[in-house]
Amino acid sequence: MCPDVLIENGTMQNLYFSNLNQDRLMKLVIRLDGEKIYDSPFVKEGTMIQADSIDVTRLRPGRNKVLGEVYYYTMEQKLIGRSDVYMNLILEKE
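Everything numeric here is computed off the predicted structure, so don't read it as measured data.

Brief notes about the pairing of strand 8 (residues 62-73)
As a general feature of sheets, a regular strand has side chains that alternate between the two faces.
Right, so step 1: Both strand 4 (residues 25-32) and strand 8 contribute to a ladder of seven bridges, which runs antiparallel. Each residue of the ladder has a partner; that of Arg31, found in strand 8, is Leu67.
Right, so step 2: Pairing of strand 8 with strand 9 (residues 79-91), which is carried by twelve bridges, proceeds in the antiparallel orientation. When the bridges of strand 9 are listed, Tyr71 appears paired with Arg82.
Right, so step 3: Counting the residues between successive antiparallel strands, the hairpin from strand 8 to strand 9 contains five residues, one of them, Gln77, with a positive phi of roughly 70°.

Spelled out as structure tokens, the structure:
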């Protein structure tokens, strides 16, 4: 996953959220000041989300520090873990 994600026209251009595991599903939730602004679909093993739309209504133009919550699930969609990562969403002026 890219730590600095560029947003143009409401789309994260270079997210690259990848699931390199062979035995689990993954999801990404992005929060700004505790409020969820993005919730990915399940990412299957060996796949990635390269770009996706995001709610930009609470983002300021420029760099926005956000929390990325990465959730790990069994193939039966049972939650088995979580890790957090800080990232920057860079909103281009429209």
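What to know about the sheet that holds strand 5 (residues 35-39)
Right, so step 1: The seven strands lie next to each other as 5-4-8-9-1-2-7, forming an open sheet whose pairing is mixed. The open sheet terminates on both sides in strands that have one partner only, identified here as strand 5 and strand 7 (52-53).

Observations concerning the side chain of Asn19
Right, so step 1: For Asn19, the position within the fold is in the loop between strand 3 (17-18) and strand 4.
Right, so step 2: Within the structure, the side chain of Asn19 is placed 2.9 Å from the backbone oxygen of Arg24, a separation counted as a polar contact.
Right, so step 3: Separated by 3.0 Å, the side chain of Asn19 and the backbone oxygen of Val43 make a polar contact.
Right, so step 4: Non-local contacts of Asn19, meaning those with residues more than four positions away in its chain, are made with Arg24, Leu25, Met26, Val43, Lys44, Glu45, Gly46 and Thr47.

Here we look at the environment of Leu25
Right, so step 1: By the secondary structure assignment, Leu25 is in strand 4.
Right, so step 2: With 21 residues separating them in the primary sequence, Leu25 and Gly46 have C-alpha atoms 9.7 Å apart.
Right, so step 3: Residues contacting Leu25, with those up to four places away along its chain left out, are Asn19, Phe42, Val43, Lys44, Tyr71, Tyr72, Tyr73, Thr74, Met75 and Gln77.

Focus on the pattern of salt bridges
Right, so step 1: This model, assessed by the stated rule, comprises nine salt bridges.
Right, so step 2: Of the charged contacts, one joins Asp33 and Arg58 as a salt bridge, the two residues approaching to 3.9 Å between their closest N and O atoms. Pair noted here: Asp33 is in the loop between strand 4 and strand 5 and Arg58 is in the loop between strand 7 and strand 8, with a separation of 25 residues, a long-range link.
Right, so step 3: The partner of Arg82 in a salt bridge is Asp84, and the shortest N-O contact between them spans 2.8 Å.
Right, so step 4: Owing to a relative accessible area of 45%, Asp84 belongs among the partly exposed residues under this scheme.
Right, so step 5: Sharing partners across several salt bridges, the network here consists of Arg31, Glu69, Arg82 and Asp84.

The rules behind these values
Residues numbered from 1 in each chain as written. Predicted model: local features only at pLDDT ≥ 70, side-chain atom pairs only at ≥ 80, totals over all residues. Heavy atoms only, no water. Pairing = 2+ DSSP bridges. Helix = DSSP H or I, 4+ residues; strand = E, 2+ residues; numbered from the N terminus. Polar contact = N/O pair within 3.5 Å; in protein donor to acceptor, adjacent residues only side chain to side chain. Contact = heavy atoms within 4.5 Å. Salt bridge = Lys/Arg side-chain N within 4 Å of Asp/Glu carboxyl O. Buried < 20%, exposed > 50% of the residue type's maximum accessible area, 1.4 Å probe, protein only.

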